[in-house]
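# Observations on chain architecture
The residues making up each chain are set out below.
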Protein chains: 2
Amino acid sequence: MIHLLHYHKSKGVDLHVNFPEKVSIRDVTLRDGLQNESVFIEAENKLGGLNEIIDAGFRRIEVTSFVHPKWVPALSDADELAKRLPKIPGIQYDALVPNIKGLERFLKTNIDTAVFFLSASTKHNEANLNRTTNESLVHVSDLISKTRSHNRKTMGAVATAFVCPYAGEVPYQEVERIVTTMVENGVDEVGLGDTIGKATPKMIYEYCSRIKDKYPDLTLSLHLHDTYGYALANIIAGIQSGVYIYDTAQAGLGGCPYAPGAPGNVQASQVVNFLERQGIETGIDIDKLKNTDQMFQDMVKKQTSV
Amino acid sequence: MIHLLHYHKSKGVDLHVNFPEKVSIRDVTLRDGLQNESVFIEAENKLGGLNEIIDAGFRRIEVTSFVHPKWVPALSDADELAKRLPKIPGIQYDALVPNIKGLERFLKTNIDTAVFFLSASTKHNEANLNRTTNESLVHVSDLISKTRSHNRKTMGAVATAFVCPYAGEVPYQEVERIVTTMVENGVDEVGLGDTIGKATPKMIYEYCSRIKDKYPDLTLSLHLHDTYGYALANIIAGIQSGVYIYDTAQAGLGGCPYAPGAPGNVQASQVVNFLERQGIETGIDIDKLKNTDQMFQDMVKKQTSV
């Protein structure tokens, strides 16, 4: 940790802001970025994009989801893609695993981390997964245990951890209860998602500080969408609360399919530039991200204009 | 002041984040928002916009500049506009005053505050004002003194207070030196400008904290552009350093004239929404800002498409 500043305010409370020397960026382009694209992108092209992402310096990449192909056609090549992932020391691949069938598919691959997901807001969970959050939590707990018995890494991804499109602000206690259950089942990492981009720095700071307070050794990450331009402010709030892993997507892909061009996941190049300019290392070569931004923009445009 | 949070981090330094109960928003649409528009908007239309701005709850408005009409044709109606400003108790009008001729014009009006400006970066000052920062500082000091002798309010506006398009990051000491001279000459308020939107939260926090430390009783404001999407993060950093006055423009007007649609001043509706959602009052009716956004967008489109 380096002290950003250690000035004492003349009035009011003593204020320390600590910035870490390094923050990790987790690329979710191939999964969340492409998930809502209406037209299928060939595994060959995805792998071409992946190579550029790796070449730019990313070491943690969410590559696909073992969801039933019917539900997410864009990711229906998950098994093929998994077989063809370049084996490079130091690279950690993650994939979403929605259920026991997905876990069976995951266990046949060399992907490092199984990511289990649910929504903190039960209305969003019901809309997305057709069951309550509590039902999903029982299910996810079981999947975490099964995955651990195979000595594979697990991550719990909590969607709508701050604001739900149907129910508004999600109470902190709901989020803590989910995280607690995941931790009790031995999860290796938890990611909190601002699925609709409506979390504020105040919420991010409060929720993450409290989770970090309760589980100081838990690896906690943030998945932020930039729908309303809050993402960079939320990253600062996250850093101030002690979160040092952030999801991003090339070209900011992953917006709403019904609003083309709308901001989706916070854009990798924007985040890397923002952090590096403040002396926070990401290990990523900012110059190479111009190419990846363009490459994925073209890939999506080319495909969706067919 | 309300405590945002008072959690103790389990590891690392004790972190307090204080949010104010209220933040003031200073509208700069009619001056900085329109300054670079290539076509003239009639005083009548400006006044119509001003009425909507006031109706939405803004109480501090920068309305024009007493610059020579040749340099900024968009504001060549300054004297007429000043005469026709609605006199409403509690509204504070500001206007830019570039020189002694401008001051003479200002003194004939009822506008409350004369805003004197220069750039902290001497390269930017030379490009804009054809003299060094030091030469401008002598000039501005004299104008502040003269204005005070007429018992009128003064504000010093420091452009490129963080990053200069020609010289890069501006050293803090340069900014402090300028502020010190202004304070010694009795200025009522200082505004620091992130003219090209490249200041980071780290810089904002450092520069503003240090200024507030040195001059705890100085009224300090921030003028942020959202060119790279940093403005909201910078507002949080500003608030954390004790700055509680922010400039905004309707529809985010004030971008570069050569990049139509590029973000300019941070957008009033975005800032008001962002702050109010975090429990920080602005006194502004967010619902009315949809109309003002649309009104000014139309005004500029209509004019520039002629």
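Worth saying up front: this structure is predicted, and the values here are computed from it rather than measured.

### Notes on the overall build of chain A
A tally of regular secondary structure across chain A gives eleven helices and twelve strands. By the compact-globule yardstick of 19 Å for 306 residues, chain A fits well, its C-alpha radius of gyration being 19 Å. Here the C-alpha coordinates of chain A stretch approximately 60 × 45 × 40 Å along the principal axes. In chain A, buried positions account for 57% of the 306 residues. For chain A, contacts bridging at least 24 residues in sequence account for 72% of all contacts bridging at least 6. Roughly 12,400 Å² of accessible area belongs to chain A as shown, and the carbon and sulfur atoms make up 50% of that amount.

### Structural notes on the nonpolar core
Generally speaking, nonpolar side chains in soluble globular proteins are found buried as a group. Within the largest apolar cluster, 170 residues are counted, with the highest numbers of intra-cluster contacts made by Phe162 and Leu192 of chain A together with Phe162 and Leu192 of chain B. Each residue touching Phe162 of chain B, except ones within four places of it in the same chain, is listed here: Gly168, Glu169, Val170, Leu192, Gly193, Asp194, Ala199, Met203, Ile204, Tyr207 and Leu222 of chain B.

### Some thoughts on the pairing of strand 6 (residues 113-119) of chain A
Residues and elements named next belong to chain A. Counted residue by residue, strand 6 has six buried out of seven residues, so it is predominantly covered. Note: strand 5 (residues 92-96) against strand 6, three bridges, orientation parallel. When the bridges of strand 6 are listed, Ala95 appears paired with Ala114. Regarding the hand of the β-α-β motif, the stretch spanning strand 5, helix 4 (residues 100-107) and strand 6 is right-handed. Looking at chain direction, strand 6 and strand 7 (residues 153-159) are connected through seven bridges and run parallel. The partner of Ser119 across the bridge, within strand 7, is Ala159.

### Regarding the pattern of salt bridges
Where charged atoms from two side chains of opposite charge come close, those side chains can pair. Residue and element names in this part refer to chain A. Counting across every chain of the model gives 32 salt bridges over all chains. Note that Asp77 is salt-bridged to Lys46, the shortest N-O span being 2.9 Å. Taken together, the residues Asp77 in the loop between strand 4 (60-65) and helix 3 (78-83) and Lys46 in helix 2 (residues 43-56) connect sequence positions 31 residues apart. Among the residues examined, Lys46 registers a relative accessible area of 2% and is labelled buried.

### Things to note about the side chain of Asp194 of chain B
With respect to the secondary-structure elements, Asp194 of chain B resides in strand 10 (residues 189-194). Although Asp194 of chain B is buried, it makes no salt bridge; Arg277 of chain A carries the closest opposite charge, 7.4 Å away. Within polar-contact distance, the side chain of Asp194 of chain B engages the backbone nitrogen of Lys198 of chain B at 3.2 Å. Once residues within four sequence positions are removed from consideration, Asp194 of chain B is found in contact with Phe162, Ala199, His223, Leu224, His225 and Asn234 of chain B.

### Description of the state of the cysteines
Summed over the entire model, instances satisfying the criterion amount to zero disulfides over all chains. As a non-bridged cysteine, Cys208 of chain B has Cys164 of chain B as the owner of its nearest cysteine sulfur, 18 Å distant.

### A closer look at the packing of aromatic side chains
All told, the structure shown has ten aromatic pairs over all chains when counted by the stated rule. Plain terms: the ring middles of Tyr230 of chain A and Phe274 of chain B are 4.9 Å apart, the flat faces sit at 70° to each other, and that makes the pair edge-to-face. You can see Tyr230 of chain A sitting in the loop between strand 11 (219-224) and helix 9 (231-240) and its partner Phe274 of chain B sitting in helix 10 (residues 268-276), one on each of two chains. An identical accessibility class is assigned to Tyr230 of chain A and Phe274 of chain B; each is buried. When the ring of Tyr228 of chain B is compared with that of Tyr230 of chain B, the centres are 6.4 Å apart and the planes differ by 55°; the resulting orientation is tilted. One aromatic cluster is present, formed by Phe162, Tyr172 and Tyr207 of chain A through successive ring pairs.

### Points about the environment of Gly48 of chain B
Locating Gly48 of chain B in the fold gives a position in helix 2 (residues 43-56). With 247 residues separating them along the chain, Gly48 of chain B and Met295 of chain B place their C-alpha atoms 9.5 Å apart.

### Quick notes on the packing of helix 6 (residues 133-149) of chain B against helix 7 (residues 172-184) of chain B
All names here are of chain B. Running from amino to carboxyl end, helix 6 crosses helix 7 at an angle of 20°, the nearest separation of the two axes being 9 Å. By the angle between their axes, helix 6 is roughly parallel relative to helix 7. Where helix 6 crosses over helix 7, the handedness of that crossing is right-handed. The segment helix 6 lies against helix 7, with Thr133, Asn134, Leu137, Val140, Ser141 and Ile144 engaging Arg177, Ile178, Thr181 and Met182. When grouped by side-chain class, the residues that make up the contact of helix 6 with helix 7 number five nonpolar, four polar and one charged.

### Looking at the side chain of Thr29 of chain B
By the element assignment, Thr29 of chain B lies in helix 1 (residues 29-35). The buried category is assigned to Thr29 of chain B, whose relative accessible area is 0%.

### Quick notes on helix 4 of chain A
Residue and element names in this part refer to chain A. Looking only at helix 4, the buried set comprises Gly102, Leu103, Arg105 and Phe106. Angularly, the buried residues of helix 4 cover 160° about the axis, an arc narrow enough to put them on a single face. Elements in contact with the buried residues of helix 4: helix 3, strand 6 and helix 6 (133-149). Capping the start of helix 4, Asn99 holds a side-chain oxygen 3.3 Å from the backbone nitrogen of Lys101, two or three residues further along.

### Re the pairing of strand 11 of chain A
Residue and element names in this part refer to chain A. Within strand 11, five of the six residues are buried, which leaves the element mostly enclosed by the surrounding structure. In the sheet, strand 10 (residues 189-194) pairs with strand 11 via six bridges, with the strands oriented parallel. Along strand 11, the bridge assignment pairs Asp194 with Leu224. At this point the chain moves from strand 10, through helix 8 (residues 201-214), to the parallel strand 11, and the crossover so formed is right-handed. Relative to strand 12 (residues 245-248), strand 11 runs parallel, the two being bridged by two bridges. By the bridge assignment for strand 12, His223 is matched with Asp247. Viewed along the sheet, the connection from strand 11 through helix 9 into strand 12 turns out right-handed.

How each quantity is defined
- Residues numbered from 1 in each chain as written.
- Chains lettered and ligands numbered in written order.
- Predicted model: local features only at pLDDT ≥ 70, side-chain atom pairs only at ≥ 80, totals over all residues.
- Heavy atoms only, no water.
- Helix = DSSP H or I, 4+ residues; strand = E, 2+ residues; numbered from the N terminus.
- Rg over C-alpha atoms; globule rule 2.2 N^0.38 Å.
- Buried < 20%, exposed > 50% of the residue type's maximum accessible area, 1.4 Å probe, protein only.
- Contact = heavy atoms within 4.5 Å.
- Areas by Shrake-Rupley, 256 points an atom, 1.4 Å probe, with all protein chains shown as cover.
- Core = buried A, V, L, I, M, F, W, Y, C linked by side-chain atoms within 4.5 Å.
- Pairing = 2+ DSSP bridges.
- Right-handed = clockwise from strand over helix to strand, strands pointing away.
- Salt bridge = Lys/Arg side-chain N within 4 Å of Asp/Glu carboxyl O.
- Lys, Arg positive; Asp, Glu negative; His and termini not counted.
- Polar contact = N/O pair within 3.5 Å; in protein donor to acceptor, adjacent residues only side chain to side chain.
- Disulfide = S-S within 2.5 Å.
- Phe/Tyr/Trp six-rings, centres within 6.5 Å; stacked < 30°, edge-to-face > 60°.
- Axes fitted to C-alpha atoms, helices over the stretch in contact; angles between N-to-C directions.
- Parallel < 35°, antiparallel > 145°, perpendicular 65-115°, else oblique.
- Left-handed = near helix turned anticlockwise from the far one by under 90°.
- Nonpolar A, V, L, I, M, F, W, Y, C, P; charged D, E, K, R; others polar.
- Arc of directions from axis to C-beta.

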